[in-house]
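Now for the letters of each chain:
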Amino acid sequence: MAFPSVYEMTNPLTTVRKQHFWEYFSGATLNSRWTDHGASGPTYVMNDEVNGGVRLTSSGAGYAIMGFNNKRPFDVGQCTFIGTFRRNSDDQYATAGLRNNPVSSSNGSYMLMDTGASNIQLLNNNGSATTTVTTTPIHKNWTTVKIENDRAGTSIKLSLDGVLASNGTSTTNISSAVGQPVFATLYSSSAGTTTLDTNYCEVFNT
Amino acid sequence: MTKSIYDQLNASGTVSKQRFVETFSGDALDTDRWSSEVVTTGTVAMSDSLNGGINLATGTTSGGRAKIHFNNIRQYSPTGSAMIAVAQRNIDANNYSEMFLANDYSSSVNAQWADIYHRPDSTNIRLQTRDGSGYNNTDTGVARHINSMAYKLELKSASCELSLDGVVKAISTSSLPTAKLQPVFRTETDTTSSRSLNLTYCEVYNT
């Protein structure tokens, strides 16, 4: 036994724990902590599949976005986001990370896989945008996304499957806004159905 | 590297006892787990603020209250359990904010509980234990405040300890509860303006 409590896994009791949550996306329905911010009939359905988690589905010209309904306990520029991610569609724009507004790129920090581009990107914004293009090609495999937002250290670092992405660090336009975790999927070039899966999400202020 | 949370929390060969963790994050309170109630016009709502968690707020009528609890589903032991909570009161004066492991959420009559006690009748934070017939107040020596703090209540076979930010500040050895317990959080105002309590974390486990 390593720890008497879950609290002490990440904090000694002498430190007041900052907001920290995790979500396993397991069960019959999506937990009510998540809210639909999509359009044109998106769905959020638990996957009846090994390691399936939840599937976000957008249709037509619409989009599927889930967030916290603008309950924003996290510091976009000073927190860590960890999420698993699998995109499944040939024409797709899919993201995972922190946003102040689920349907806006402003004051966000998130990973993007866009079939209109070759490589995975890190997008961050404090009113002005920075796009950081990694050397990792987009793909349809499960991947673990970790975004370490460190405004105090003037960096945002994107790690993929536990390894800091090559060209995956941003040092400009780091937000000071509050935020929430957001997963989003929609088409990239032509309207049509897209799906995105996740089976884990964790965010904590640092 | 240990692969499981189970193994991080339990010695090899032991059966895990009841435990839960609540991070108070998201759009809505998990009402499968928590019941809530307000007296007069208070609110129980997730907070849109940094490290805001959930906000229990009274209305503006003296005697107004807001509370969350397990609706008397009581799975925690009076002689071997612990509760860790991170909480912050918004205003000190006239703010009766308390955090319990309690047998009955609804009544103080013949109550049994261990209570982290912030009330205007005590300059300092207190630990109060009740056994159904009497009570014992133990002063922590720490003045009431409105900062975020990590609280830990630990009920043992013959004592109850209250730690504040990781340091034991009060130990009660009398009027200890003997009945099964649940977490209860409440805030109350005795003036005509709102008082509130924010919670960002709660963990309870049997030891």
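Residues numbered from 1 in each chain as written. Chains lettered and ligands numbered in written order. Predicted model: local features only at pLDDT ≥ 70, side-chain atom pairs only at ≥ 80, totals over all residues.

1. Things to note about the overall build of chain B
When helices and strands are counted, chain B shows one helix and 15 strands. The C-alpha radius of gyration of chain B comes to 17 Å, within 12% of the 17 Å expected for a compact globule of 207 residues. Taking the principal axes of the C-alpha coordinates as reference, chain B spans close to 55 × 40 × 30 Å. Among the 207 residues that make up chain B, the fraction classed as buried is 46%. (Helix = DSSP H or I, 4+ residues; strand = E, 2+ residues; numbered from the N terminus. Rg over C-alpha atoms; globule rule 2.2 N^0.38 Å. Buried ≥ 20, exposed ≤ 12 C-beta atoms within 10 Å, placed from the backbone.)

2. Observations concerning the overall build of chain A
Check the secondary structure of chain A and you find one helix and 17 strands. Here chain A has a C-alpha radius of gyration of 16 Å; the compact-globule value for 206 residues is 17 Å, and the two agree. With respect to the three principal axes, the spread of C-alpha positions in chain A is 55 × 40 × 30 Å. For chain A, buried positions account for 49% of its 206 residues. Considering only contacts within chain A whose residues lie at least 6 apart along the sequence, 63% involve residues at least 24 apart. (Contact = placed C-beta atoms within 7 Å.)

3. Considering the pairing of strand β8 (residues 93-99) of chain A
Residue and element names in this part refer to chain A. With seven of its seven residues buried, β8 lies for the most part within the structure. As paired elements, β8 and strand β9 (residues 108-114) share seven bridges and run antiparallel to each other. Bridging from a neighbouring strand, G97 pairs with Y110 of β9. Here β8 pairs with strand β15 (residues 178-186) via seven bridges, running antiparallel. Following the sheet pairing, L98 is matched in β15 by P181. (Pairing = 2+ DSSP bridges.)

4. Focus on unusual backbone geometry
Non-glycine residue S40 of chain A carries a positive phi angle of around 65°. Along the chain, S40 of chain A falls in the loop between β2 (35-36) and β3 (43-46). Its identity is not glycine, yet N71 of chain B carries a phi of approximately 55°, on the positive side. Within the element layout of this structure, N71 of chain B appears in the loop between β5 (65-69) and β6 (81-89). Since 14 C-beta atoms lie within 10 Å of it, N71 of chain B is described here as partly exposed.

5. Let's talk about the nonpolar core
A85, L101, L153 and L199 of chain B are the most contacted members of the largest nonpolar core, which has 47 residues in total. Contacts of L153 of chain B, omitting those with residues within four sequence positions, involve A82, M83, L101, A114, I116, C160 and L162 of chain B. M111, V145, A165 and L186 of chain A belong to the second largest nonpolar core, which has 42 residues in total. (Core = buried A, V, L, I, M, F, W, Y, C linked by C-beta atoms within 7 Å.)

6. Section: the sheet that holds strand β7 (residues 97-102) of chain B
All names here are of chain B. Within the open sheet, the seven strands sit side by side as β2-β5-β14-β7-β8-β9-β10. Their pairing is antiparallel. Two strands in the sheet have a free side with no partner beyond their single neighbour: β2 (35-39) and β10 (135-143). The mean inter-strand angle of the sheet, taken between neighbouring strand axes irrespective of direction, is 15°. As judged from the five bridges shared by β5 and strand β14 (residues 182-188), these two strands associate in the antiparallel manner. Looking at β14, one finds that K67 is bridged to R186. (Axes fitted to C-alpha atoms, helices over the stretch in contact; angles between N-to-C directions.)

7. Looking at the interface of chain A and chain B
Of the residues lining the interface, 29 residues belong to chain A; the matching set on chain B comes to 32 residues. Partitioning the side of chain A that touches chain B into residue classes produces 14 nonpolar, nine polar and six charged. (Nonpolar A, V, L, I, M, F, W, Y, C, P; charged D, E, K, R; others polar.)

8. Observations concerning the confidence of the model for chain B
Segments scoring low in pLDDT should not have their predicted coordinates read at a detailed level. A residue-level look at chain B finds 99% of positions with pLDDT of 70 or above and a mean pLDDT of 96. Reported confidences for the modelled complex are a pTM of 0.94 and an ipTM of 0.92. (pLDDT = per-residue confidence, 0-100.)

9. Side note on the environment of T154 of chain A
Residues and elements named next belong to chain A. By the secondary structure assignment, T154 is in the loop between β12 (143-150) and β13 (155-160). For T154, a count of 11 C-beta atoms within 10 Å translates into the label exposed. For the pair T154 and T15, spaced 139 residues apart in sequence, the C-alpha separation works out to 24 Å. With residues near it in sequence (within four places) discarded, T154 still touches T171 and I174.

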